[in-house]
Amino acid sequence: GTNSLVISAPPEVFRSLKVVISQLDVRRAQVMVEGVIAEITADKSRELGVQWAVDGRAGGNAVGIVNFPLATTPISALANLTTPPAVAGLAIGAGNFNGSNKIAGLLSALAGDSHTNILSTPTLVTLDNEEAQIVVGQNVPFVTGSYANTGGGTTPTNPFTTIQRQDVGLTLKIKPQINEGDSIKLDVTQEVSSIAPSAAAASDIITNKRSIKTSVLVDDGQIVVLGGLIKDDLSQTQQKVPGLGDIPLLGWLFRYEKTEKIKTNLMVFLHPTILKDRKTMQDLTSEKYNFMRAQQIEMKEKGLNLLDNNETPVMPEIKEYLSLPPPYEDSEQRMELSKPVADTNDAPPPMSSTSAPSSSSLSGQKTTSQTLSAPPASSDSNQNYEPPFIGDSDAGTAPQ
């Protein structure tokens, strides 16, 4: 974990290894991968039909009903006009309700159009040849089993339900490998899932899932399409009364039709960028940081309802994070530590006013060793003191 080497080798081998290590011990490059997941869905539906109900019980006649389950509003649901259900689209009823043979007809018409435009742009940074993953979504529980009565009898004693949680949302997993010539090999696993609207025939939650797993080669700064899907679904359903529904023109009074068209366009793109040095990393980081800060400032300028505008959080400027303390050479700590500290234990004894000749007086002599002794602490210290000369000299004698 310390990223260190211990080498025991002869000098020649050590010097060779040092050159190799200096070439290997360099800053590792990083890769930023920006994904673009675009999905456009258009849904159109049309339905039209007529349903009938006949009640001849008062006159001793038959009772009948022409009901189409395909209809958004079946005529059977309108049998109780005291508390009728919600009606979708156009529903017009007409008939004779006063005679002995009551008859009613229901004309239903409904048109629906929906458009979906989804754009997801996940961004992920990782080291060269290191796997990274980002997950943005919800952890949804799915029922895997249930036991309503484990004790026997009619009264449950220990009912319970088992669930399993799964991530529903966006998942992007990448592993980049930088090759020679600034090309990048990307191992990509991308998945987008969402919860579908509830279906009557489903016993639990339905999820939509779109997944891609592939390996691609792309140059630095270029964009590559991983894959996509263009789907065009056309569904036409018809329900009718046999025979009567086939009569030209009049057959519309005894049938119900529904047509639905769903068109889906899905594309996934990746844009990798190699971060070779600190400046490139800092520039891209500043760009993303300033973008988010601009969005917050724009929201703050629009104002808040029922709250003060100062309640809107705004990220500080990025330069506040990049400001460094003063250099160590000019800091107060450096000045304080560089002050000389007097040590009375190692201080040399005081010299008299008439001290011995300095070493500069002997600059012309070649001396092996020299010792200067302090004058004795006595009452004669005011007299001239001549220190003894110890050592060998080319001059033979010390100056008097």
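One can find the structure itself at the top, above this paragraph.
It is worth spelling out the pairing of strand E1 (residues 30-55) at this point. Pairing between E1 and strand E5 (residues 123-127): five bridges, direction antiparallel. Paired with Val31 across the strands is Thr126, a residue of E5. Sheet topology places E1 next to strand E4 (residues 102-120); 19 bridges connect them, and they run antiparallel. Paired with Thr41 across the bridge in E4 is Thr116. The pairing of E1 with strand E2 (residues 63-66) spans four bridges and is antiparallel. Bridge assignment links Ala53 to a residue of E2, and that residue is Ile65.

Turning next to the packing of aromatic side chains. As enumerated under the stated definition, the model contains two aromatic pairs in all. Between the aromatic rings of Phe68 and Tyr256, the centroid separation amounts to 6.3 Å while the plane-to-plane angle is 45°, which identifies the pairing as tilted. One end of the pair, Phe68, is in the loop between E2 and strand E3 (90-96); the other, Tyr256, is in strand E11 (residues 255-275), and 188 residues separate them in sequence. You'll find Phe68 and Tyr256 in the same group, each marked buried. The ring of Trp252 carries the charged tip of Arg255 above its face, separated from the ring centre by 4.3 Å.

Right, let's talk about the sheet that holds strand E8 (residues 183-195) for a bit. Spatially, E6-E7-E8-E9 is the arrangement adopted by the four strands of the open sheet, whose pairing is antiparallel. One side of each edge strand has no neighbouring strand; the edge strands of this open sheet are strand E6 (132-147) and strand E9 (207-219). If you compare each strand with its neighbour and ignore which way they point, the axes differ by 20° on average. Here 15 bridges tie E6 to strand E7 (residues 160-178), and the two strands are oriented antiparallel to one another.

With that settled, the discussion passes to helix H2 (residues 278-302). The end-to-end C-alpha distance of H2, which contains 25 residues, comes to 36 Å, matching closely the 36 Å that a straight helix rising 1.5 Å per residue would cover. Within H2 the residues assigned to the buried category are Leu284, Ser286 and Tyr289. Packing partners of the buried residues in H2 comprise E1, E11 and helix H3 (319-322). Where H2 terminates, the next one or two residues include Gly303, which has phi positive at roughly 90°.

This brings us to the side chain of Arg255. Assignment of secondary structure puts Arg255 in strand E11. In this structure the side chain of Arg255 is engaged in a polar contact, spanning 2.6 Å, whose partner is the backbone oxygen of Gly245. When neighbours within four sequence positions are excluded, Arg255 is seen to be in contact with Leu48, Gly49, Val50, Phe68, Gln238, Gln239, Lys240, Gly245 and Ile247.

In this section: the pattern of salt bridges. Evaluated as defined, the whole model comprises twelve salt bridges. Among the salt bridges present, the one from Glu130 reaches Arg28, with a minimum N-O distance of 3.7 Å. Here Arg28 lies in the loop between helix H1 (11-24) and E1 and Glu130 lies in the loop between E5 and E6, a separation of 102 residues in the sequence. The exposure class assigned to Glu130 is partly exposed, which follows from its relative accessible area of 36%. Here Arg255 makes a salt bridge to Glu257, at a shortest N to O gap of 3.3 Å. The burial state of Arg255 is the same as that of Glu257; both residues are buried.

All right, on to the pairing of E7 then. In the sheet, E7 pairs with E8 via nine bridges, with the strands oriented antiparallel. Bridging across to E8, Lys173 finds its partner in Thr189. Counting the residues that bridge the hairpin from E7 to E8 gives four residues, and of these Gly181 lies at a positive phi of roughly 85°.

Cut-offs applied
Residues numbered from 1 in each chain as written. Predicted model: local features only at pLDDT ≥ 70, side-chain atom pairs only at ≥ 80, totals over all residues. Heavy atoms only, no water. Pairing = 2+ DSSP bridges. Helix = DSSP H or I, 4+ residues; strand = E, 2+ residues; numbered from the N terminus. Phe/Tyr/Trp six-rings, centres within 6.5 Å; stacked < 30°, edge-to-face > 60°. Buried < 20%, exposed > 50% of the residue type's maximum accessible area, 1.4 Å probe, protein only. Lys NZ or Arg CZ within 6 Å of the ring centre and 35° of its normal. Axes fitted to C-alpha atoms, helices over the stretch in contact; angles between N-to-C directions. Expected span 1.5 Å × (residues − 1). Contact = heavy atoms within 4.5 Å. Polar contact = N/O pair within 3.5 Å; in protein donor to acceptor, adjacent residues only side chain to side chain. Salt bridge = Lys/Arg side-chain N within 4 Å of Asp/Glu carboxyl O.

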